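Chain by chain, the residues:
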There are 2 protein chains.
Amino acid sequence: MLVVWKHPENASAQFPNVQLISSLGAGVEHIIKDPAITSKHLISRIVDPTLAHSMQKHVLTCVLHFHKQWPFYQVAKQNGQWAKPNPIERPIKVGILGVGALGQAVTKILQTVGFEVIGFSRKPKEIPNFTVWDSENHSLPSFLQEINVLLSLLPRTPQTEGILSYELLRNLPKGSCLINVGRGAHLVEDDLLKLLEEGTIDQAYLDVFQEEPLPTSHPFWSHSHIFITPHTASITHQENAAKIIADNYQRLKTGGPIRFEVQLDRGY
Amino acid sequence: MLVVWKHPENASAQFPNVQLISSLGAGVEHIIKDPAITSKHLISRIVDPTLAHSMQKHVLTCVLHFHKQWPFYQVAKQNGQWAKPNPIERPIKVGILGVGALGQAVTKILQTVGFEVIGFSRKPKEIPNFTVWDSENHSLPSFLQEINVLLSLLPRTPQTEGILSYELLRNLPKGSCLINVGRGAHLVEDDLLKLLEEGTIDQAYLDVFQEEPLPTSHPFWSHSHIFITPHTASITHQENAAKIIADNYQRLKTGGPIRFEVQLDRGY
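The rules behind each value
As a convention, each chain's residues are numbered from 1 in the sequence order in which they are written. Labels are handed out in written order, letters beginning with A for the chains and numbers beginning with 1 for the ligands. Note on the predicted model: pLDDT of at least 70 is required for a residue's local features to be given, and 80 or more for side-chain atom pairs to be given and counted; whole-chain, interface and lining totals, by contrast, use all residues. Heavy atoms from the whole structure form the basis of all side-chain values; hydrogens and water molecules are not counted. In this description, a line fitted to the C-alpha atoms serves as the axis of each element, helices being fitted only across the stretch in contact, and the angle between N-to-C directions of two axes falls anywhere from 0 to 180 degrees. Every helix listed is a DSSP run of H or I at least four residues long, and every strand listed is a run of E at least two residues long, numbered separately from the N terminus. Throughout, the term roughly parallel applies to angles under 35 degrees, roughly antiparallel to angles over 145, roughly perpendicular to angles from 65 to 115, and oblique to all others. Crossing handedness follows the turn of the near helix against the far one: under a right angle anticlockwise gives a left-handed crossing, and clockwise gives a right-handed one. In this description, contact between two residues means that some pair of their heavy atoms is separated by no more than 4.5 Å. Polar here means any residue outside two lists: the nonpolar Ala, Val, Leu, Ile, Met, Phe, Trp, Tyr, Cys and Pro, and the charged Asp, Glu, Lys and Arg; Gly therefore counts as polar. Note on pairing: two strands pair once DSSP finds at least 2 bridges between them. Domain boundaries shown here were taken from an automatic or database domain assignment. Once two parts are brought into contact, the accessible area they lose, counted with a 1.4 Å probe and summed over both, makes up the buried area. Here, a salt bridge means any Lys or Arg side-chain nitrogen found within 4 Å of an Asp or Glu carboxyl oxygen.

### A word on the packing of helix 2 (residues 49-67) of chain B against helix 4 (residues 101-113) of chain B
Residue and element names in this part refer to chain B. For the pair helix 2 and helix 4, the least separation of the axes is 9 Å and the interaxial angle reads 50°. Relative to helix 4, the element helix 2 is oriented oblique. Like other packed secondary-structure pairs, helix 2 and helix 4 cross with a definite hand, here right-handed. The residues of helix 4 that touch helix 2, namely those facing Leu51, Ala52, Met55, Gln56, Val59, Leu60, Val63 and Leu64, are Leu102, Ala105, Val106, Ile109, Leu110 and Val113. Here the contact of helix 2 with helix 4 is composed, by residue class, of 13 nonpolar, one polar and no charged.

### Some details on the sheet that holds strand 9 (residues 201-206) of chain B
Residue and element names in this part refer to chain B. In space, the seven strands of this open sheet follow the order 6-5-4-7-8-9-10, with parallel pairing throughout. Of all strands in the sheet, those bounded by a partner on one side alone are strand 6 (131-134) and strand 10 (226-228). Pairwise comparison of adjacent strand axes, ignoring direction, gives a mean angle of 20° for this sheet. Summarising the sheet, strand 5 (residues 116-121) and strand 6 pair through four bridges and their orientation is parallel. Looking at the pairing, Ile118 lines up with Thr131 of strand 6. Across the sheet, helix 2 touches strand 4 (93-97), strand 7 (149-152), strand 8 (176-180) and strand 9, and the angle it forms with strand 9 is around 160°. Its contacts with the sheet place helix 7 (residues 189-198) against strand 8, strand 9 and strand 10, and it is angled at close to 145° to strand 9.

### Things to note about the domain arrangement of chain A
All names here are of chain A. If you check the domain split of chain A, you get domain 1 (2-48 + 236-254) and domain 2 (49-228). Placing the centre of domain 1 and that of domain 2 at their C-alpha centroids yields a distance of 30 Å. Each partner contributes residues to the interface: domain 1 has eight residues there, and domain 2 has seven residues. When the two sides are added together, the surface that domain 1 and domain 2 hide from each other amounts to roughly 680 Å², 54% of it contributed by carbon and sulfur. The largest per-residue losses of area from domain 1 upon contact with domain 2 belong to Glu29, Asp48 and Thr236, which jointly make up 60% of the total buried on that side. For the pair domain 1 and domain 2, the interface holds one salt bridge.

Following this line, the structure appears as structure tokens:
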């Protein structure tokens, strides 16, 4: 068994007898892109309840911050102005791209606080108390027309790279909110600047970027309608990750089914 | 029946036959301080589920903002710095002063999101799933030593004026958070500046002030560790308020018990 996180290319080729390769985190793009890892290997990742809880709280902070007009108050404070926004609370409908374990956990907490949520999935999915549109019956642009807060929790696969483009995001209603906690590669960063300038997107909460750390000269730093967190939205709890890895090792030895198995062809 | 909100002094004396006086909001200090209103009157106020929901979301925004270290990211962004706070999530224990309808609603949502909450009450109170300390068995200073986020939802009464003083608040652990959504008269504003300077309080979220609108020259405007909302934490929903007032009028006419009755001597 190999346990890896962003390992040097082909490092895995040194271990011909490896049967199971586990990522140390929720993402597996470092495993997918390694040509020495093939469909003869079992692959697993970490699905950690602490990570989900951490992510729930991050997304909730973003959605509440936008809904309760805190960006407005921030500006009012800088100007020393006692000013009330109109409306006091922005009406919100959240759309989620990526309706896996994390997406479902986030949906649950948003619904509990009273927000409306719909999801979008490639394949039709039946999830209790969660309306999920799918690409067989709906188009992604029509999904964006339906919501005003877009949350991307997509995994990184060749199909999702650059998916958050001007072409797609211009379908959001004027004054929308973008929350990207998936992967930096999803968002075409110049396109976001254009959408902010046009007013289609009023506020963006970004945790992931094309290049990390975000370069000092990047225009996002000085943009007043972008909130930046340095890839800290959620954190894998080390003890929980260790338990999952140890458990999968036991399962491998005793021939039991591996937990949190990854499909190499699907990419997650 | 009289329906009032911050009415001119003694205006109520013009109506000698009035039996029921209803506030147009949750607060009743404008009724309490009117010498023409006595214990022979019935007094009621608005307890509005929308107002409670609005308040739940406001407090949750404050607590998450503090817990998820957003003040740190704000500063990092201004400096163009990719910096991670330590810890990524601040450990939190919330203490609530004012364990009435609003306090209980806020406690519920905070618990749902995973935060620990305890309340403090003058008299012993039994509330399911909510630990409430009381002044018969505990001191207020010992309560503050137990928590690191203090939320004041107190009503305004002669006993609570100036209660949030240096003398009391210095019992909070270093780096605490203060959220005042009760009344501006509770907080000794100069004392807060001193506590922020000393580091006892690291961050304050204030929705109410001694003087509203907060004067342009007030030092709170330029203080980077104070977040200001202009008395917009929660808003009474007009239709709901109208329904409660109409219902109480019917109850008055038919001799039924008044809803949301206020005790003049207790002050709420």
